[in-house]
Amino acid sequence: MNAPAKLDDAYEDLSPLIGDVTDDHVEAFWRDGVVHIPGFVKPELCEEVIKHFMAWSGMRWKEWPSDPAEQKAFVAAVEGAFNKPKRTFGIRQEDPWMFNYVAQRKFGEAAARLLKVPSVKILSETLHVKQPASSGLSKPLVWHQDFPSLPIDRAEAVQFWCALVDVTPDMGPMTHLKGSHRSMPGGMVAELGEDARELYPELFKEYKPTKIVPLSQGTAVFHHGLTWHCSGINKTDRVRWAMSSYRISTRCRYTGQANYNTDGLGLTPREFLDHPNFPTVYP
Ligand SMILES: O=C(O)CCC(=O)C(=O)O
């Protein structure tokens, strides 16, 4: 299945199921580099997103099964999903429903307001499912910024992370270094297995981690591309379903940096991301 060539080919408006960004959210975003917006995506839309991720990834269980044979099959399905050519990235390139979801104008508007830019494109999306610790598959994600791994030349980029189910503090939600969007790009430390706490101890003196709080289904966590963040393991027996997607200012230019969302599409370094996969979604 190919994604629609143009946004307006098959656009379905989901705006009644999506919330708004207020002036207070914008202020918090620029103060802290991160803002939480509870109830941003309605539960029925979260459930639909999970269904599409399950169909795409081949994960047949929404929850960790109790039967040992099913647990084995569950682990195999998760490993299969992680070994797909694009791993857990870029679902919209194969699922037109997900293309339409990610391309929602209201998400674009939220990003434009938060970034304070006139127009916004979609860049990427990622499944952030964290398996229960008892499956042996749950892994922490070490401190990192996203911007160094994004194939764009300027940090006009915001991540929209959505809790697709209720996420309790012991399910490994993210914590952020408050205000750290003002720090320099620190490299692809997570991908390289480097420890930011050893490399940049001053960062952890200057900026303190946000408190880990419960996130109800549909809570949006927006963080700036330069904000440092990490997440722990899922210590519960429930599956932590979450999704992130990146939106960028249309004036960002492609750099050629390797990335599952942009590789192999014939994009030209130093040019705009001029390709049907990256439509302008706002205004
Ligand atoms: O979902 C998570 O726990 C972490 C997500 C994250 O760190 C990222 O998207 O960069």
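Residues numbered from 1 in each chain as written. Predicted model: local features only at pLDDT ≥ 70, side-chain atom pairs only at ≥ 80, totals over all residues.

### Let's talk about the sheet that holds strand 9 (residues 280–282)
The pairing of strands in a sheet comes from backbone hydrogen bonds and takes either a parallel or an antiparallel form.
Thought 1: Spatially, 1-6-4-8-2-9 is the arrangement adopted by the six strands of the open sheet, whose pairing is antiparallel. Since the sheet does not close on itself, it has two edges, and those belong to strand 1 (34–37) and strand 9, each with one partner. Sheet twist, expressed as the mean angle between neighbouring strand axes with direction ignored, is 30°.
Thought 2: Judged from the two bridges that link them, strand 2 (residues 120–127) and strand 9 form a sheet pairing that is antiparallel. (Pairing = 2+ DSSP bridges. Helix = DSSP H or I, 4+ residues; strand = E, 2+ residues; numbered from the N terminus. Axes fitted to C-alpha atoms, helices over the stretch in contact; angles between N-to-C directions.)

### Quick look at the site of the ligand
Thought 1: Near the ligand the following residues occur: Thr126, His128, Leu141, Asp146, Gly172, Met174, His229, Ser231, Ala242 and Ser244.
Thought 2: Broken down by secondary-structure element, the contributors of at least two residues to the shell around the ligand are strand 7 (229–231) and strand 8 (242–249). (Near = placed C-beta within 6 Å.)

### Quick word on the nonpolar core
Thought 1: Core analysis: the largest hydrophobic core is formed by 65 residues, its most contacted members being Ala111, Cys162, Leu164 and Phe222.
Thought 2: Core analysis: the next-biggest nonpolar cluster, separate from the first, contains seven residues, Leu177, Val189, Ala196 and Tyr200 among them. (Core = buried A, V, L, I, M, F, W, Y, C linked by C-beta atoms within 7 Å. Buried ≥ 20, exposed ≤ 12 C-beta atoms within 10 Å, placed from the backbone.)

### With respect to the pairing of strand 6 (residues 220–224)
Thought 1: In terms of residue burial, strand 6 counts as a mostly covered element, since five of its five residues are buried.
Thought 2: Burial along strand 6 is two-sided: Ala220, Phe222 and His224 and Val221 and His223, pointing in opposite directions, are all buried.
Thought 3: Bridge analysis of strand 4 (residues 157–163) against strand 6 gives five bridges, and the strand direction is antiparallel. The residue bridging Phe160 from the neighbouring strand is Phe222, located in strand 6.

### Observations regarding helix 1 (residues 23–32)
Thought 1: For helix 1, the set of buried residues is His25, Phe29 and Asp32. Summarising the axial view, the buried residues of helix 1 lie within an arc of 95°, below the 170-degree limit, and thus occupy one face. Across from the buried face of helix 1, at angles greater than 90 degrees, the exposed residues are Asp23, Asp24, Glu27 and Arg31.
Thought 2: Those residues of helix 1 hidden inside the fold are in contact with strand 1, helix 5 (105–115) and strand 6.
Thought 3: Looking at the residues trailing helix 1, positive phi occurs at Gly33, about 80°. (Arc of directions from axis to C-beta. Contact = placed C-beta atoms within 7 Å.)

### Side note on the sheet that holds strand 7
Thought 1: Taken together, three strands build an open sheet; the order of strands is 3-7-5 and the sheet is antiparallel. Among the strands making up the open sheet, the edge pair consists of strand 3 (141–144) and strand 5 (174–176). Ignoring which end each strand starts from, the neighbouring axes of this sheet average 15° apart.

### Considering unusual backbone geometry
Thought 1: The linkage connecting Tyr282 with the following residue, Pro283, adopts the cis geometry, with an omega of 5°.
Thought 2: With respect to the helices, strands and loops of the structure, Pro283 is situated in the segment after strand 9.
Thought 3: Here the phi dihedral of Lys116 falls at roughly 60°; this positive angle occurs in a residue that is not glycine.
Thought 4: Inspection of the secondary structure assignment puts Lys116 in the loop between helix 5 and strand 2.
Thought 5: Taking the number of C-beta atoms within 10 Å as the measure of exposure, Lys116 has 11 and is therefore exposed.
Thought 6: Phi at Arg270 takes a positive value of approximately 80°, unusual for a residue other than glycine.
Thought 7: Within the secondary structure layout, Arg270 lies in the loop between strand 8 and strand 9.
Thought 8: Take Arg270: there are 9 C-beta atoms within 10 Å of it, and that puts it in the exposed class.

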